[in-house]
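Results of the structural survey
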Amino acid sequence: MKGLGKIFTFTFVQHIKQKGYRNVTLLIALLCILLPAAIMPAMEYFKDDETYVSKIDRVYVVDKSARTAGETDYGVLNSVDPDRFANVEYVMEESVEEAAKKAEKDNYSALLVTDWQEGSYRLDVLLPDETELGKKDVNAYEAFLSTYFRYILIQKSDLEEAQIAEMTMPIETLVRDSGIPEDETDEYAAAKGVLGNLLPYLNIMILYFMILAYGQGTANNTIMEKTSKLMDLFLVSVKPGAMLLGKVFATAASGILQIFVWIGGLFGGFALGIHFTKMVNPQTNMALIQLVETFGEFTGMFTVSGVILALLMLAAGLLLYCSLAAVGGALAEKPEDLSSTNMLFVLVLIVSFFTTMFAGGTGADVPWDAVTWQVWMPFTAILVAPTKILLGALSIPEALGSLGIVVLTAALITVLAGKLYQMMSLYKGNPPSPKKMIEMLRGQR
């Protein structure tokens, strides 16, 4: 492996110095910062807030229901939610026209028309032509009625007070089962269920596109010396295996650096987004912000060894597919040949992707025995194992065994790529067929 460090350094520096690499890295990092910082406060500002305190202070009620046994007291709605609509004056009217005339004299009055139609109640909230109220006020009151109109229906039923008290009594439910396995009763069971459904898809999608992009980059780097007529000089000073391994490492490292920059941008963007959102509404209940604020409570379900092994598996997986792409680059004489020589890389990636997607690798509710074999197949292990390691579904010895298989496979493929590179150094013509390639390897041995 003499010269490995020089090849790695040269390739890595040249790769990150490329204008396209820098522009894409900085542009996406900037988007990762700006998009959350702009979208999150905008969503909070324009959303229909159920906790919005409407300015409605008087409601003219026109009750057309034929099922009303007596006069209904709509004022009971003032006591059901102390934070909203607790001081509204309800005035009963005979017709919509009369109610509208009176509502126009008040700047903060609305109309409520109730009717019984086809087996259900219909509620219409109306605004007069001249009013200081807006659509947001009406929407807030409409949501309030949808939740609490049952108190009006209870009055219409003519039940006794004791019966009404029984109907409105809160119910508390507690499930106990001594048959639940001990390892499923821990405090992180719910969080693991959510992450078990989310992380596999996230892991597979990120790795798939990283491998697709940087695998092609590895293949292009491999044939660089062939197209620039520098291959003979490299073969004299550096062993083919060391050169290929240096290129694979450099390409993978540049990809990992780029991903870390983007992840850092996302963290910064979400931090700004949370800050700006709380400036818009300090009492926001945005689900994303609640998840971020409570995530610290769930860090206990991850172990240091599990996180380290999961990250090593991700790095090893990227290295494995980059080494496979290097085989295609070693067989190609010019960039146009990569469409045929890199077919093995593309096929393995696509088959592994669909295997994990449709054979249970992404399902948290799929029995572990049904996907165990995917952990021991190196090309599918990198798509399945990181999540299983992180959530504790894969033991440390099993994780080390799976990681060892991936690393060993990557090493063997890199050695093969080096031999192919040396074998094809003086080869001219179309890329050889698999049969001819095997014959050439045997003859070289």
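Residues numbered from 1 in each chain as written. Predicted model: local features only at pLDDT ≥ 70, side-chain atom pairs only at ≥ 80, totals over all residues. Heavy atoms only, no water.

1. Describing the environment of Pro-36
With respect to the element layout, Pro-36 can be found in helix H2 (residues 19-46). With relative accessibility at 10%, the residue Pro-36 sits in the buried group. For the pair Pro-36 and Gly-273, spaced 237 residues apart in sequence, the C-alpha to C-alpha distance is 5.3 Å. Setting aside its immediate chain neighbours within four residues, Pro-36 contacts Leu-31, Pro-41, Gly-269, Phe-270 and Gly-273. (Helix = DSSP H or I, 4+ residues; strand = E, 2+ residues; numbered from the N terminus. Buried < 20%, exposed > 50% of the residue type's maximum accessible area, 1.4 Å probe, protein only. Contact = heavy atoms within 4.5 Å.)

2. Brief notes about the packing of aromatic side chains
Under the criterion given, the structure shown has 8 aromatic pairs. For the pair Tyr-321 and Phe-379, a centre-to-centre distance of 5.6 Å together with 70° between the ring planes defines the contact as edge-to-face. You can see Tyr-321 sitting in helix H12 (residues 304-331) and its partner Phe-379 sitting in helix H16 (residues 378-390), a full 58 residues away along the chain. One aromatic cluster is present, built from ring pairs that chain together Phe-85, Tyr-141, Phe-144 and Tyr-148. (Phe/Tyr/Trp six-rings, centres within 6.5 Å; stacked < 30°, edge-to-face > 60°.)

3. A few points about helix H14 (residues 343-358)
Between its first and last C-alpha atoms H14 spans 22 Å; for 16 residues at 1.5 Å apiece the expected length is 22 Å, and the two agree. If you check which residues of H14 are buried, you get Phe-345, Val-348, Leu-349, Ser-352, Phe-353 and Thr-356. For H14, the angular spread of the buried residues around the axis is 130°, confining them to a single face. Of the exposed residues in H14, the ones pointing more than 90 degrees away from its buried face are Val-351 and Phe-358. (Expected span 1.5 Å × (residues − 1). Arc of directions from axis to C-beta.)

4. Points about the pattern of salt bridges
Applying the stated criterion across every chain yields a total of 5 salt bridges. Note that Asp-137 and Lys-55 form a salt bridge whose closest N and O atoms lie 3.5 Å from each other. Residue Asp-137 is found in helix H4 (residues 135-148), and its partner Lys-55 is found in the loop between H2 and strand E1 (58-63); the two are separated by 82 residues along the sequence. By relative accessible area, Asp-137 is classed as buried at 2%. Judged by relative accessible area, which is 39%, Lys-55 ranks as partly exposed. A salt bridge links Asp-124 to Arg-122; the nearest nitrogen and oxygen atoms lie 3.1 Å apart. (Salt bridge = Lys/Arg side-chain N within 4 Å of Asp/Glu carboxyl O.)

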